Amino acid sequence: MRSPLGSNAAMTALVLLAFIAGSFAALPSTIKACKRNDPDISRCITESVNDLRPRLATGKISDDFRIPPMEPLALAAVNMDRGAEFKATFSDLLVSGPSKFKIENLKVNLEKLVFDFNIFLPKLSFKGKYDLKIKLLLLNIAGVGDLAGVIENNQARVKLNFEKYSKGDGKEYLRVKKMVVRIQIEKGRFDMKDLFRGDPVLSQAGNQFINENSRLFLDELTPGLERSLSETFKGTANEIMQQATLDELFPV
């Protein structure tokens, strides 16, 4: 099943990405720098990120260097809009579980400044708010209220394109030019309070119907979540990376 929660529902897949790129900036002693001429630089970066994984959960990379914590991960609003019969907004999303990620098949091209890799996330739990009015198969479902859910066995494919730039100080810096995320989710479950204006019988039936057809629902959710994740983490990564030059990120 494709989906973004960040093809996609593996929301935190994206999370990782930005932090993978961003975590190398500032280079405290807890971060292992990877030399750009290392013949196995992909392995070096993967090991460096894996070593950082426990620190990413709290955001405390060192006593003097902090980043936004990965647990829980806050996401911007995610919108679904396929015309009058399929509209939904998910907001105030908090995701637990992204720090359990595993990086696989990292490919690095420093000449073209392209990073390509997979992320596996075993389980992501989320909560937030929803405002929904959709027609799923033959059933019209609507409501506004609290949202909770779980998605499991999430695979994400991430591609980062960087570019060099100068701040006018004669030094070269890196920033993310483009980020593309595609995630696949094996299974997911949703619990939306107050469907059908809070009618308990219809609300239960609506949730049951959505969960029995979760692949259809997640497919619709995917594009909006991918956009939200990409925008959120591209901005975060660039904010962090501006603290270090290219030579500091990848010494010769």
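Procedures and definitions
Residues numbered from 1 in each chain as written. Predicted model: local features only at pLDDT ≥ 70, side-chain atom pairs only at ≥ 80, totals over all residues. Heavy atoms only, no water. Helix = DSSP H or I, 4+ residues; strand = E, 2+ residues; numbered from the N terminus. Buried < 20%, exposed > 50% of the residue type's maximum accessible area, 1.4 Å probe, protein only. Areas by Shrake-Rupley, 256 points an atom, 1.4 Å probe, with all protein chains shown as cover. pLDDT = per-residue confidence, 0-100. Pairing = 2+ DSSP bridges. Contact = heavy atoms within 4.5 Å. Phe/Tyr/Trp six-rings, centres within 6.5 Å; stacked < 30°, edge-to-face > 60°.

*Asks:* For the overall build of the protein chain, give the residues involved together with the corresponding values.
*Replies:* When helices and strands are tallied, the protein chain shows five helices and nine strands. Within the span of the protein chain, comprising 252 residues, buried residues form 50% of the whole. When the accessible surface of the protein chain is split by element, carbon and sulfur atoms take 48% of a total near 12,100 Å².

*Asks:* Describe the confidence of the model for the protein chain, naming the residues involved and giving the relevant values.
*Replies:* Interpretation of the predicted coordinates at a detailed level should be avoided for regions scoring low in pLDDT. Averaged over all residues, the pLDDT of the protein chain equals 80, while 87% of them reach at least 70. The spread of mean pLDDT over the elements of the protein chain runs between helix α1 (residues 11-22), the lowest at 40, and helix α3 (residues 200-212), the highest at 92.

*Asks:* Would you mind going over the pairing of strand β6 (residues 102-109) in detail, with residue names and values included?
*Replies:* Here β6 runs beside strand β7 (residues 114-136); their pairing, made up of six bridges, is antiparallel. In the sheet register, Glu104 faces β7, and the bridge partner there is Asn118. Hairpin connection between β6 and β7: a loop of four residues separates the two successive antiparallel strands, and Leu113 in this loop has a positive phi of roughly 55 degrees.

*Asks:* Describe in detail the environment of Leu246, supporting the description with residues and values.
*Replies:* Among the secondary structure elements, Leu246 is positioned in helix α5 (residues 246-249). Owing to a relative accessible area of 7%, Leu246 belongs among the buried residues under this scheme. For the pair Leu246 and Tyr173, spaced 73 residues apart in sequence, the C-alpha to C-alpha distance is 4.9 Å. Aside from chain neighbours lying at most four places away, what touches Leu246 is Arg36, Lys164, Glu172, Tyr173 and Leu174.

*Asks:* Just give me the short version of the packing of aromatic side chains, but keep the residues and values in it.
*Replies:* As enumerated under the stated definition, the model contains five aromatic pairs in all. Each ring, one from Tyr165 and one from Tyr173, has its centre 5.8 Å from the other, and the planes form 40 degrees; the classification is tilted. Each member of the pair, Tyr165 as well as Tyr173, carries the same accessibility label: buried. Taking the centre distance of 5.0 Å and the plane angle of 70 degrees together, the rings of Phe190 and Phe217 count as edge-to-face.

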